[in-house]
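# Report on the structure
In case you want the letters, here they are:
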Amino acid sequence: MRSTDFCNSLYRYAREQNGSNLDIELNGVPVLLIQRHEEADHILRVRSSGYRKNMDWFRQALGASRFSEDGEAWRVRRALTHDYFTQFDRERTTALACRYADEAGRQLTANSTRGALQVDDGVLRRMAVSVLVENFFGLPFADTGIDLDRIADLMEYGSAYSFVPAGRTDALYGNALRRLPALRRQVLQDLQIFRSSRVPAGTMLTGMLQADSNRDTGVVLEHELLTFFAAGAETSAATVGWALYLLALYPDVQERLRARARELAPRVSVDGWRALSEFGELATLISETLRLYPPTPIIARLAIEADQIDGRTVAPGQNVLISFVGIQHDARHRAEPWTLGLDEQSRRGPTAGSNTAFSFGPRICGGKQFALTELMAFLHTLLLRVRFETTSLEPPRFHWKSQMLREGGQPVRCLDITA
Ligand code: HEM
């Protein structure tokens, strides 16, 4: 199976064997696929020390980083960024996200005026990375000269390794193998700008550079940054893409949210996050977007100790994939798991998107609160500027590119409503 087809299989498993864990085989490797919250909680939180991250493919493509490592190597890297990612200035993040979403809205509507029938994914990625870089490194992303398309290509080619067992590169298609090394070199070279005086030497960057210069740590600045862009910007951009699709699909919801956005707008422009945080229905839409279309649809673990899971004996060396698609569509937890639900209950419980799609336990997403803050500001701003209409009612097919995108792009036309 080609890696890119895997998300389609995840939705098939979730429909056909809803609420059950499964034993499957991926390119000849036996894998335990977890589709129930109970066992995911056991693996990720209760018995987390018995499972390590299984990100060899990610490391091979993007380098070792906080995201891929375990044990001491993880702790050293986590200490470099964790406090910055979790103790960010919400007001500054909100202001930056509103500014870049306004710019993105202008570009999306201009594209639609020119006849585009899909949302340009590149516009959303630029919006998300701009907030991330300016927030944490204090300079506009445009000044870094980094080619975002190259990073996207690297993710695409790197993802081809996702489900290929070690030593089985023959299972890969030629293009990934051929293009990956040169792409990787170019991207790492682009990222060297962060070593230059053109980037203000803020405290987080200074700490990362110090760790990089200490050989014992194994930290490579460019590897951490690349993962940071992949984990932090591509995921948020994918979420906005799926949210725009849902808004287009449910015009009445869109109108209701826009009316509330307009009501709040004067206060948001003065009080920022303090006012935006009152927009409960938008927070529910974000949670539902993450539930129906989790941008990181699976996470991979390897058992390092024997265990018992759901009546199965798990031996060390067992591959485990946690399917957020399966968990979040489990019909035992909500009556209509396949449809958008915007009542207060939708944001609660173990299968709610904002409770599950960021993972849980010690390896929970380091940027969860940052992501939820910027997503609120992105969507609030876009609702004020743009009306979204579907250009196709075909159900989505999924494309795996280290996160879950829609094959062919989101079929949404963006109309300027500011005039
Ligand atoms: C909607 C947006 C996002 C989603 C859905 C998401 C999801 C995830 C998930 C599922 C993991 C855990 C992977 C695993 O256990 O194997 C993760 C890890 C991580 N994420 Fe996010 N993420 C998002 C945005 C962000 C942002 C904006 C940042 C940075 C500001 C970020 C930084 C990280 C980091 C550093 C880790 C590694 C945590 C660790 O193991 O120490 N993420 N993310």
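The following paragraphs examine the structure supplied in this document. (Residues numbered from 1 in each chain as written. Predicted model: local features only at pLDDT ≥ 70, side-chain atom pairs only at ≥ 80, totals over all residues. Heavy atoms only, no water.)

### Things to note about the pairing of strand E7 (residues 319-323)
Burial within E7 is extensive, with four of its five residues counted as buried. Bridge analysis of strand E4 (residues 298-303) against E7 gives five bridges, and the strand direction is antiparallel. Pairing of Leu302 across the sheet is with Asn319, part of E7. (Buried < 20%, exposed > 50% of the residue type's maximum accessible area, 1.4 Å probe, protein only. Helix = DSSP H or I, 4+ residues; strand = E, 2+ residues; numbered from the N terminus. Pairing = 2+ DSSP bridges.)

### Description of the nonpolar core
Ranked by internal contacts, the top residues of the largest apolar core, which has 115 residues, are Phe137, Phe194 and Phe229. Among residues more than four places away in sequence, those in contact with Phe229 are Val129, Val133, Phe141, Ile146, Ile151, Leu191, Phe194 and Glu234. Of all hydrophobic cores here, the second largest spans 15 residues; its members include Leu44, Tyr51, Val320 and Phe324. (Core = buried A, V, L, I, M, F, W, Y, C linked by side-chain atoms within 4.5 Å. Contact = heavy atoms within 4.5 Å.)

### Describing the packing of aromatic side chains
Aromatic ring pairs are defined here through the distance separating the ring centres and the angle between the ring planes. The full count for this structure, using the stated rule, is 16 aromatic pairs. Aromatic side chains Tyr11 and Phe398 sit 4.2 Å apart centroid to centroid with 10° between the ring planes, which places their arrangement in the stacked category. Of this pair, Tyr11 sits in helix H1 (residues 6-16) while Phe398 sits in strand E9 (residues 398-400), and the two are 387 residues apart along the sequence. With a relative accessible area of 5%, Phe398 lands in the buried category. Ring centres 5.3 Å apart and planes at 10° place the aromatic pair Phe85 and Phe228 in the stacked group. Pair noted here: Phe85 is in helix H4 (residues 71-86) and Phe228 is in helix H10 (residues 221-249), with a separation of 143 residues, a long-range link. The rings of Phe85, Phe88, Phe136, Phe137, Phe141, Phe194, Phe228, Phe229 and Phe370 are connected pair by pair, giving a single aromatic cluster. (Phe/Tyr/Trp six-rings, centres within 6.5 Å; stacked < 30°, edge-to-face > 60°.)

### Description of the coordination of the iron atom of the ligand
A metal bound by six donors in octahedral fashion has ideal angles of 90 or 180 degrees, whereas one bound by four tetrahedral donors has an ideal angle of 109.5 degrees. Coordination of the iron atom of the ligand by the protein comes from a single atom, Cys365 (SG), at 2.3 Å. Note that Cys365 resides in the loop between helix H15 (353-356) and helix H16 (368-385). (Donors = N, O, S within 2.8 Å, 3.2 Å for Na, K, Ca; no water.)

### Points about the layout of surface pockets
By volume, the second largest pocket amounts to about 400 Å³. In terms of lining residues, the second largest pocket is bounded by 18 residues, among which Arg15, Tyr293, Pro395, Pro396 and Phe398 are the most central. Mapped by element, the contributors of at least two residues to the lining of the second largest pocket are H1 and H10. The biggest single contributor to the lining of the second largest pocket is H1, with four residues. Considered class by class, the residues forming the lining of the second largest pocket number twelve nonpolar, three polar and three charged. (1 Å grid on protein atoms, 1.4 Å probe; cavity = no way out; pocket = protein on both sides within 12 Å on 5 of 7 lines; lining within 4 Å. Points joined across faces, edges and corners; volume = space filled by probe spheres on them. Nonpolar A, V, L, I, M, F, W, Y, C, P; charged D, E, K, R; others polar.)

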